[in-house]
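Now for the letters of each chain:
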Amino acid sequence: MKRIAIRGDLLEVTADPGFGGTQSSKVRFDADHWLLIEDGRIAGRSATEPDAGWTRHDHKGRLVTPGFIDTHVHSPQLDVVASYGAQLLDWLNTYTFPAEMRFADPAVAARGSAAFLDALLAHGTTSAVVFPTVHKTSVDALFEAASARGMRIIAGKVLMDRHAPDGLRDDVAQAERDCTDLIARWHGRERAAYAVTVRFAPTSTPEQLDMAGALLAAHPGLYMQTHVAENRDEVRWVAELFPRARSYLDVYRQHGLLNDRAVLAHGIWLDADDRALLTDSGAQIAHSPSSNLFLGSGLIGWTALQDAGAHVTLASDVGGGTSLSMLRTMADAYRVQALQGVRLTAWKALYAATRGAARALHLEHEIGSFEPGTLADVAVWDWAAGPVATHRDAVARDLHERVFAWMTLGDERNLAATWVAGRELYRRPGA
Ligand code: GUN
Ligand code: ZN
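Criteria and thresholds
- Residues numbered from 1 in each chain as written.
- Chains lettered and ligands numbered in written order.
- Predicted model: local features only at pLDDT ≥ 70, side-chain atom pairs only at ≥ 80, totals over all residues.
- Heavy atoms only, no water.
- Helix = DSSP H or I, 4+ residues; strand = E, 2+ residues; numbered from the N terminus.
- Rg over C-alpha atoms; globule rule 2.2 N^0.38 Å.
- Contact = heavy atoms within 4.5 Å.
- Areas by Shrake-Rupley, 256 points an atom, 1.4 Å probe, with all protein chains shown as cover.
- Lys, Arg positive; Asp, Glu negative; His and termini not counted.
- Charge placed at Lys NZ, Arg CZ, Asp CG, Glu CD.
- Near = heavy atom within 4 Å.
- Polar contact = N/O pair within 3.5 Å; in protein donor to acceptor, adjacent residues only side chain to side chain.
- 1 Å grid on protein atoms, 1.4 Å probe; cavity = no way out; pocket = protein on both sides within 12 Å on 5 of 7 lines; lining within 4 Å.
- Sits in = over half its atoms within 2 Å of the grid points.
- Nonpolar A, V, L, I, M, F, W, Y, C, P; charged D, E, K, R; others polar.
- Points joined across faces, edges and corners; volume = space filled by probe spheres on them.
- Donors = N, O, S within 2.8 Å, 3.2 Å for Na, K, Ca; no water.
- Tetrahedral: all angles 85-135°; square planar, octahedral: opposite > 155°, others 65-115°.
- Pairing = 2+ DSSP bridges.
- Buried < 20%, exposed > 50% of the residue type's maximum accessible area, 1.4 Å probe, protein only.
- Arc of directions from axis to C-beta.
- Salt bridge = Lys/Arg side-chain N within 4 Å of Asp/Glu carboxyl O.
- Axes fitted to C-alpha atoms, helices over the stretch in contact; angles between N-to-C directions.
- Parallel < 35°, antiparallel > 145°, perpendicular 65-115°, else oblique.
- Left-handed = near helix turned anticlockwise from the far one by under 90°.

The next thing to look at is the overall build of the chain. When helices and strands are counted, the chain shows 15 helices and 16 strands. Here the C-alpha radius of gyration of the chain, 21 Å, is about what a compact globule of 431 residues would show, namely 22 Å. Long-range contacts, defined here as pairs at least 24 residues apart, represent 75% of the contacts in the chain between residues at least 6 apart. For the chain, the accessible surface area stands at approximately 15,700 Å², while carbon and sulfur atoms represent 49% of it. Averaging the positions of the 43 positive and the 52 negative side-chain charges in the chain gives two centres separated by 4 Å.

See the structure below:
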C-alpha cells in the first residue's frame, strides 16, 4: 500500500453553511495536522506525525484544502482571456468563435488541452466541468489529457448547428453520431464523464435540442451543460427564437434537457418560476462572477436561488472570466453580493467551490472534502503571499477573518502544491 501524509492546517466545509454568519458549525479546521492518504484515497487525519511507513510532506504553516471544482470553464478560451470592449454576443463573434476554430486541428487541440489542464492544476483546481469545441477531436484531446493526469473532468462535444460561422457548425445527424461515439469511448472511463453540451439555445435548432434531449434519455447518468440567461440581449434573442417557451430556461425544459445532472452557467436573468424549475429538476447554476463582471452581464440573485432551494456552484468561465483562480472567483462572488447588500462568507464561497459542487454533481463520494474514502485531490496554499497579505494574515483575529483575507487577497501565487488522487502533479518551484 502506498502511504502519504501531508502536514498543514486542514480546512474543509462539511455542509452548506447558507448565508449565515462567520461562525459556522459546518466548518472543520484542524490546525497543524497530517492528512493521511492510502493508495490515492483519503484515509483520515492525525495530530501526530505518522511513522516512517508514510512518505511525509511537511507543509507546516500552510493551508490544506480539498482541490477546487470549477463547474464551468472553456478549454479553448485561454487565447481570448482579457479581450477588450465587448458584451456576450459581440464577444463570441469577435474573439471567441475564431479562437475555437483552431481546435479543429488535432495537434492544436492536444497542445491546448494539456496546457489548459496544467493551468487548472497550477491554480489548485483538480476537477472541472468543461466546454471544449464543436470538434470531436477537441473532446478526445481533453479526455486524453485528463486521463494522463488522473483528473475528474466532465465534458462533451459542443453542439451548435446555427448562428455560428463556417467551421464551427455541426448538423443534427453528424452531431448525434459524434456524441454517441464519444459517450461509448469516454463516459465512465476512469474519471471521465460525458456531458451533452448545448452551447446555448441560440446556436442550436429545435431539432438539435430534441436530439440532445433524446441522448440524455437514452443514456442515464450523462451530464448536461449549457449557458442560460447571462446577458439581456441574449435573453431577448432567445425569446424571439423560441416564442412558445415561457422563458429562456423553459426552452431547455421543453426539450428534455433539465435534470439533476444539468449544469447551467450564469442564470442571472431568471424569475421565480425559473427558480422553482431549477429546484424541481435538481439542476445547478454555475455562477461565474468574474465573467459576469467582465462582460457586464449582471449580478446574480444568489440568495433568491438559495431561498428557492436551487444549487449554486462556482465557476471561472474562462475566457469570459479573467482568471482560472477559484480564490479570485470567490472574491468576485463576494463583490457581486456586496453590490446587492448581501454578505457572502468565506464558508459559503468555499463550500460552493468544493463540497457543494461535488454534491450538486453527485460526486460527494469522490471529491470536494477530506472524507475518508474520497480521492485525494488536495491543494496546499500559503496563507499569504507578499508583505501586505502577510501582515493582514498576522493580525487576523479569528479563523473566518483569516480565511476571508486568504480568499480576497490570494490567487495562484499562494499555491504551493496540487495533488490528484494521491499524486503530486504541481509544485511551485522552491515550495
Ligand atoms: N454563451 C454561449 N457561449 C458562451 C461562451 O463561450 N462564454 C460565455 N460566457 N457565454 C456563452
Ligand atoms: Zn461559458
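Text resumes after the structure shown.
Inspection of the region around ligand 1 gives His-74, Gln-77, Leu-88, Trp-91, Leu-92, Arg-199, Phe-200, His-227, Glu-230, His-266, Ser-291 and Asp-317 as its neighbouring residues. A distance of 2.7 Å separates a nitrogen atom of ligand 1 from a polar side-chain atom of Glu-230. In isolation ligand 1 has 280 Å² of accessible area, and contact with the protein removes 100% of it. A majority-of-atoms criterion places ligand 1 in the largest cavity. For the shell around ligand 1, the element with the highest residue contribution is helix α1 (residues 88-101), accounting for three residues. Here the shell around ligand 1 is composed, by residue class, of four nonpolar, five polar and three charged.

To continue, consider the layout of surface pockets. The calculated volume of the largest pocket comes to roughly 180 Å³. Lining the largest pocket we find 14 residues, and of these Asp-16, Ala-310, His-311, Val-312 and Tyr-351 sit closest to its centre. For the lining of the largest pocket, the secondary-structure elements that each account for two or more residues are α10 (302-308), β13 (311-314), α12 (346-353) and α13 (355-360). When the residues that make up the lining of the largest pocket are grouped by side-chain class, the tally is six nonpolar, five polar and three charged.

Attention shifts here to the coordination of the zinc ion (ligand 2). The protein atoms that coordinate the zinc ion (ligand 2) are His-72 (NE2), His-74 (NE2), His-227 (NE2) and Asp-317 (OD), at distances spanning 2.0 to 2.3 Å. Angles of 90 to 166 degrees at the metal separate the four donor atoms of the zinc ion (ligand 2), which places the site in the irregular class. When the donor residues of the zinc ion (ligand 2) are listed from N- to C-terminus, their spacing reads H-x1-H-x152-H-x89-D. Within this pair, whereas His-72 is found in strand β5 (residues 68-74), its partner Asp-317 is found in the loop between β13 and α11 (326-338), the two being separated by 245 residues in sequence.

Where strand β15 (residues 415-420) and strand β16 (residues 423-427) come together, four bridges link them in antiparallel fashion. Across the sheet, Thr-418 pairs through a bridge with Tyr-426, a residue of β16. The turn linking β15 back onto β16 is made up of two residues, and Ala-421 within it adopts a positive phi angle of 50 degrees.

Below, the discussion takes up helix α8 (residues 272-281). Burial in α8 covers these residues: Asp-274, Leu-277, Leu-278 and Ser-281. Seen end-on, α8 carries its buried residues on one side only, within an arc spanning 100 degrees. Its buried side turned inward, α8 meets α7 (248-254), β11 (262-266), β12 (284-287) and α10. N-cap assignment for α8: the residue whose side-chain oxygen lies 3.2 Å from the backbone N of Asp-273 is Asp-271.

Time to look at the pattern of salt bridges. By the definition in use, this model includes 36 salt bridges. Arg-355 is the partner of Glu-12 in a salt bridge, and the nearest nitrogen-oxygen pair spans 3.8 Å. Highlighted residues: Glu-12 in strand β1 (residues 3-13) and Arg-355 in helix α13, separated in sequence by 343 residues. For Glu-12, a relative accessible area of 3% gives the class buried. We note a salt bridge from Arg-169 to Asp-166, for which the minimum N-O separation is 2.8 Å. Connected through salt bridges with shared partners, the residues Glu-12, Arg-28, Asp-30, Arg-45, Arg-355, Glu-364 and Glu-371 form a single ionic network.

Contact geometry for helix α3 (residues 136-149) and helix α4 (residues 172-186): axes closest at 11 Å, N-to-C directions at 10 degrees. Between α3 and α4, the angle falls in the class roughly parallel. Seen from α3, the contacting residues are Lys-136, Val-139, Asp-140, Phe-143 and Glu-144; seen from α4, they are Asp-178, Asp-181, Leu-182, Arg-185 and Trp-186.

Attention shifts here to the packing of α4 against helix α5 (residues 206-218). Relative to each other, α4 and α5 sit at 20 degrees, their axes nearing to 10 Å. If you check the angle between α4 and α5, you find them roughly parallel. With respect to the hand of their crossing, α4 and α5 are arranged in right-handed fashion. Packed against α4, whose contacting residues are Val-172, Ala-175, Glu-176, Cys-179, Thr-180 and Ile-183, the element α5 presents Glu-207, Gln-208, Met-211 and Leu-215 at the interface. Classifying every residue of the contact of α4 with α5 gives six nonpolar, two polar and two charged.

Now for empty space enclosed by the protein. Empty space among the atoms becomes visible once a probe the size of a water molecule is rolled across them. Scanning the entire structure with this criterion turns up two cavities of 30 Å³ or more. Empty space within the largest cavity amounts to approximately 90 Å³. What lines the largest cavity is His-74, Gln-77, Leu-88, Trp-91, Leu-92, Arg-199, Phe-200, His-227, Glu-230, His-266, Leu-295 and Asp-317. In terms of residues, the lining of the largest cavity owes the most to one element, α1, which gives three residues.

That's the geometry; what it means functionally is another story.
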